[in-house]
Amino acid sequence: VTLTDNLPAGVSWAISPAVSGCDITGGVLSCSFASLAAGASVTIHISGTTDAADCGTITNTATVGASNEADTTDNTSTASVKVDCPNVTVLKTADASPISAGDPIGFTITVTNDGDGTAKNVTLTDNLPTGVSWAISPAVSGCDITGGVLSCSFASLAAGASVTIHISGTTDAADCGTISNTATVSASNEPSDALSDNSSTASVVVNCPNVTVLKTADEGTISAGDTAAFTIVVSNGGAGTAYGVTLTDNLPAGISWSEDSPDCSIAAGVLSCSFGDLAPGATRTVHVSGATDAADCGVLTNTATVGASNEANTS
């Protein structure tokens, strides 16, 4: 009695457990038994481990023969195994764009197995943009951020299953411009023809404000005893909202100055204003005035200075 089976290529086959008279050589299972009594049987079990190259249907046929057999119509048998492969994908999206410097920033990363097979040893890597202190919120088992790199490791991901990771941080004036980065996933058993959707890039535009100040005298020349007055206009000429806008002006000494803004006050000769947030294109105007006397003859000069907590360029 003999058995022959040309085993499917791509798998390292083994007989388990070993059977006397059987071996595998050159990918062919061969068995030779001296005789097989009426009603007797021999069972051979072969096994191996598949990989991404084995996706599809693995089929093979075993053939037996005996030197004294008359009916050979049932001497072959074919069996098949369907090997399902995974297809891990990643989609990265920004929570919001554009934002203003100083605003929170966030990305949502979704890893999905769109294939029919379970994805094994799934990993996600994302080199996060510098300048932001990133955190995973909420925490996800298997994920952490070390050295500015988001790394996730999942033992397996069933067909149709997904994992969502949300990362967030807070921007500042140094982050103005476009913040862009790419997340990449992989699975140890994913075929090479399914790798085209293994990365995803998302971007956030961080707009910065540009607060400016313009101070003008109501009149360039007055007589001692007249009222001296200045108009101060604070503007945001940038694309981003200006946060925590302030104005400071050390007013010329010798005059009892007054101002007309609910956001301002004068103490010890210093005009101080807190305007809060200033949207792009918005302005605030302050008028200061005071009566002069003979001691004020000459030129009254002073400088107003503005700032915003999230402004990059203060020139």
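None of the values given here were measured: they were computed from a predicted structure.

Novice: Quick rundown of the overall build of the protein chain? Include the residues and the values.
Specialist: Along the protein chain, the regular secondary structure elements total 0 helices and 25 strands. Its C-alpha atoms give the protein chain a radius of gyration of 39 Å, clearly above 20 Å, the size a compact globule of 315 residues would have. For the protein chain, the spread of C-alpha atoms along the three principal axes comes to 135 × 25 × 25 Å. Per-residue burial over the protein chain gives 37% buried out of 315 residues. Accessible surface, the protein chain: about 16,200 Å² in total, of which carbon and sulfur atoms supply 50%. Averaged over its 5 positive side-chain charges, the protein chain has a centre that lies 2 Å from the centre of its 30 negative ones.

Novice: Would you mind going over the state of the cysteines in detail, with residue names and values included?
Specialist: Taken as a whole and judged by the stated rule, the model has 5 disulfides. With a sulfur-sulfur separation of 2.1 Å, Cys143 is cross-linked through a disulfide to Cys152. Measuring handedness by torsion sign, the sulfur bridge of Cys143 and Cys152 sits at about 115° and is right-handed. Each member of the pair Cys143 and Cys152 is classed as buried. Each sulfur of the disulfide joining Cys264 and Cys273 lies 1.9 Å from the other. Sign of the S-S torsion, about 110° for the bond between Cys264 and Cys273, identifies this disulfide as right-handed. For the residue pair Cys264 and Cys273, the accessibility class agrees, reading buried in each case. Counting only the cysteines that form disulfides, in the order they appear in the protein chain, gives the pairing 1-2, 3-4, 5-6, 7-8, 9-10.

Novice: Hey, could you go over the sheet that holds strand E13 (residues 143–146) for me, with residue numbers and the actual values?
Specialist: If you walk across this open sheet you meet the 6 strands as E9-E17-E16-E11-E14-E13, and the pairing is mixed. Bordering the open sheet on either side are strand E9 (99–100) and E13, each of which pairs with just one other strand. Across 8 bridges, the pairing between strand E16 (residues 177–186) and strand E17 (residues 199–207) is antiparallel. Across the sheet, the residue bridging to Ile179 is Val204, located in E17.

Reading the values: rules and limits
- Residue positions are counted from 1 within each chain, in the order its sequence is given.
- For this predicted model, a pLDDT threshold of at least 70 governs which residues receive local features, and a threshold of 80 or more governs which side-chain atom pairs are given and counted, while totals over whole chains, interfaces and linings are taken from all residues.
- Side-chain measures were taken over the full set of non-hydrogen atoms in the model, leaving aside hydrogen atoms and water.
- Here a helix means four or more residues in a row that DSSP labels H or I, a strand means two or more in a row labelled E, and each is numbered from the N terminus.
- C-alpha atoms define the radius of gyration in this analysis, and the globule rule sets the expected value at 2.2 Å times the number of residues to the power 0.38.
- Each residue is assigned to one of three classes by its accessible area relative to the maximum for its type, calculated with a 1.4 Å probe on protein chains only: buried under 20%, partly exposed between the two thresholds, exposed over 50%.
- Residue-level accessible areas treat just the shown protein chains as cover; the underlying method is Shrake-Rupley with a 1.4 Å probe.
- None of His or the chain ends enter the tally, which takes Lys and Arg as positive and Asp and Glu as negative.
- For the purpose of locating charges, the reference atoms are NZ of Lys, CZ of Arg, CG of Asp and CD of Glu.
- Any two cysteine sulfur atoms lying within 2.5 Å of each other are counted as a disulfide.
- Pairing between two strands is assigned when DSSP locates at least 2 bridges connecting them.

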